[in-house]
Amino acid sequence: MTLHESLLDTVGNTPLVRLTRIASGVPAPIYAKVEFFNPASSVKDRAALGMVLAAEKSGALAPGGVIVEGTSGNTGMALAMIAAQRGYGSIVVVPDRTSPEKIKTLRAYGAEVVVTTGALPREHPEHVRNVAARLAERTPGAWYANQYDNPANPEAHRTTTGPEIWAETGGRVTHFVVGVGTGGTVTGTGGFLKEASGGLVQVIGADPLTSTYSGGDGSPYYVESIGHYLHPQTAEDEYPESYDPSVVDRFERIGDRESITVVRRLAREEGILAGGSAGTAVAAALRVAATLTPDDLVVVLLPDSGRGYLSKYFDDEWLRRFGFLEDLTGRPTVADVLGDRPVPRTALPSTATVADALGGDFTAAGALVPVRLPRSGDNATTDVSEVIGAVRPDALRALVAGDPPASAAPLHGHLLPSPPAVGIGEPVDEAAARLAEDAAGTAWVLIDGRVSGTVTHDALRQATGHVPAARDAGPAGRATPPDVGGRDGAARS
């Protein structure tokens, strides 16, 4: 039996496990580096410990001090665990879309948790990182970990994760697949593997489809702790100093639905209950391995446990509400009410004018058009969290008919409140019941968390056998923004 003087002695040396059933038929073997075997259940234990030890050595963190960090959850949990073990206080700032399980875990470790709005420009004073930096300045004895720009973050992986993979595979690893968040894991681990192999190991970044790391428009995504979200009003986008883009040979871009589907398969086919970003990484690894031979060896890193996401990726109700799950059998769904699958709903930027709204192809009587935050990019649909209101073009036409100069007016002066939203796979009775107390006549229909159509409340109630009384179909009530994984990503926004 191995005896440990401290829980921190157990950080690292996580197992490398071959994926068999989910990778059946793939030519190259895939081995998963299962990082939830770390004591705080994620790969972030490595960086957190490395940063704390470096701060202690430099004197930045003194005995009895307070550790402060802004995080999507995992780094905060690792730092809170270390703080408890070494006698420090801890303050952790998290975005409001952080899963309830993570927040409860932070508090269980004794951390003070500060929740702030996630969908904010990088320069906004209430942005996660700005709140954390401000608290560190104001708190006596505080040390701000700042995983994004702390060189001890990638160094921890250069000295532990990389050497472990090289030794465990006997130097046979040919491809390393990993998600990119702060960039510390890919930079440190990937950099070591490239050096150890003389440049032969290929490093593939697994990235959400809209993350800017791989060329996306920076719009929100639903997988936490990975990628790079960019608020459209951020003045200057910057990548973390922990991230060295030159280490990544190429990216595999993975959509939310594919990530979620794969992480659920991991649990049911491999018995590995991992977090959403592991789904992104394994989906990318499957693509990579499909192009290789049995002589190659793919290592994919699984960052954390799925126990922190039971209310999200493993909750069928949550998935249906946001349009990620459509396989309900025996009960009519919103999709059945619509008949044909909705055509992606074009959205207008909030910077548009009335004339812009009238110039679109919005000919249906009573059509409701979403108005979103201004964002460049070619996404056909808009994430519901970025919808700030709605307009009815027929009402705008009537306005201009009576007052032609009104066509030049800003659209934001004519916004209606954004209606509530239902998922395309949500049972009709549940969707109708959820909207019962809302006077709205129309709801957005979500597919993969994005506005893809509309459905009337009357149609939903009729489908349940309840014929509604006649009422005004005008929208009312603002949709509640969902828990969007990429509001501030795991990297800067």
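The coordinates are above.
Attention here is on the structure that accompanies the text. (Residues numbered from 1 in each chain as written. Predicted model: local features only at pLDDT ≥ 70, side-chain atom pairs only at ≥ 80, totals over all residues. Heavy atoms only, no water.)

**Comments concerning the overall build of the protein chain**
Then, in step 1: The secondary structure content of the protein chain amounts to 14 helices and 17 strands.
Then, in step 2: In terms of C-alpha radius of gyration, the protein chain reaches 24 Å, essentially the compact-globule figure of 23 Å for 493 residues.
Then, in step 3: Overall, the C-alpha framework of the protein chain stretches about 80 × 55 × 40 Å when taken along its three principal axes.
Then, in step 4: In the protein chain, 73% of the contacts between residues at least 6 apart in sequence involve partners at least 24 apart.
Then, in step 5: Side chains of the protein chain carry 43 positive and 58 negative charges; the gap between the two charge centres is 2 Å. (Helix = DSSP H or I, 4+ residues; strand = E, 2+ residues; numbered from the N terminus. Rg over C-alpha atoms; globule rule 2.2 N^0.38 Å. Contact = heavy atoms within 4.5 Å. Lys, Arg positive; Asp, Glu negative; His and termini not counted. Charge placed at Lys NZ, Arg CZ, Asp CG, Glu CD.)

**Concerning the sheet that holds strand β12 (residues 369-372)**
Then, in step 1: Pairing is mixed across the open sheet formed by three strands, whose spatial order is β11-β12-β14. Edge positions in the sheet fall to β11 (348-349) and β14 (387-391), since each of these pairs with one other strand and no more.
Then, in step 2: Summarising the sheet, β12 and β14 pair through four bridges and their orientation is antiparallel. The residue bridging V369 from the neighbouring strand is V391, located in β14. (Pairing = 2+ DSSP bridges.)

**Looking at the nonpolar core**
Then, in step 1: Among the nonpolar cores identified, the biggest contains 51 residues, and L19, I30, V177, V282, V300 and W444 are the most heavily contacted of them.
Then, in step 2: Looking at this core, the elements with two or more residues in it are β2 (30-34), β8 (202-208), α7 (256-270), α8 (276-289), β10 (298-302), α9 (316-321), β14 and β16 (442-447).
Then, in step 3: If one sorts the elements of this core by residue count, α8 sits on top with nine residues.
Then, in step 4: Those residues in contact with V282 that lie beyond four places of it in its chain are L19, I22, V262, L266, V300 and L302.
Then, in step 5: Of all hydrophobic cores here, the second largest spans 19 residues; its members include V11, A55, M81 and A145. (Core = buried A, V, L, I, M, F, W, Y, C linked by side-chain atoms within 4.5 Å. Buried < 20%, exposed > 50% of the residue type's maximum accessible area, 1.4 Å probe, protein only.)

**Focus on the packing of aromatic side chains**
Then, in step 1: Per the counting criterion, the structure on display carries 11 aromatic pairs.
Then, in step 2: Ring centres of Y313 and W318 lie 6.2 Å apart, and the angle between their planes is 90°; this geometry places the pair in the edge-to-face category. The burial state of Y313 is the same as that of W318; both residues are buried.
Then, in step 3: Here a set of aromatic residues connected by ring pairs shows up, and it is made of Y222, Y309, Y313, W318, F322 and F324. (Phe/Tyr/Trp six-rings, centres within 6.5 Å; stacked < 30°, edge-to-face > 60°.)

**Some words on the pairing of strand β3 (residues 66-70)**
Then, in step 1: Burial runs high along β3: five of the five residues are buried.
Then, in step 2: Burial along β3 is two-sided: V66, V68 and G70 and I67 and E69, pointing in opposite directions, are all buried.
Then, in step 3: Inspection of the sheet shows β3 paired to strand β6 (residues 142-144) by three bridges, in the parallel sense. Looking at β6, one finds that V66 is bridged to A142.

**Some remarks on the packing of helix α5 (residues 152-168) against helix α6 (residues 184-196)**
Then, in step 1: Closest axis-to-axis distance for the α5/α6 pair is 7 Å, and the angle between their directions is 50°. Relative to α6, the element α5 lies oblique. Remark: the crossing between α5 and α6 carries right-handed chirality. For the pair formed by α5 and α6, the contact residues are N153, P154, H157, R158, T161, G162, P163, I165 and W166 on the first element and G184, T185, T187, G188, T189, G191, F192, L193, E195 and A196 on the second.
Then, in step 2: Here the contact of α5 with α6 is built from residues that sort into seven nonpolar, 10 polar and two charged. (Axes fitted to C-alpha atoms, helices over the stretch in contact; angles between N-to-C directions. Parallel < 35°, antiparallel > 145°, perpendicular 65-115°, else oblique. Left-handed = near helix turned anticlockwise from the far one by under 90°. Nonpolar A, V, L, I, M, F, W, Y, C, P; charged D, E, K, R; others polar.)

**Topic: the sheet that holds β2**
Then, in step 1: Ordered by their spatial adjacency, six strands build an open sheet running β1-β2-β10-β7-β8-β9, and the pairing between neighbours is mixed. Strand pairing shows two members of the sheet lacking a second neighbour, β1 (16-18) and β9 (250-254), which therefore form its edges. Put simply, the sheet's adjacent strands are angled 25° from each other on average, direction ignored.
Then, in step 2: Relative to the sheet, α6 contacts β7 (175-179), β8 and β10, its axis offset from that of β7 by approximately 175°.

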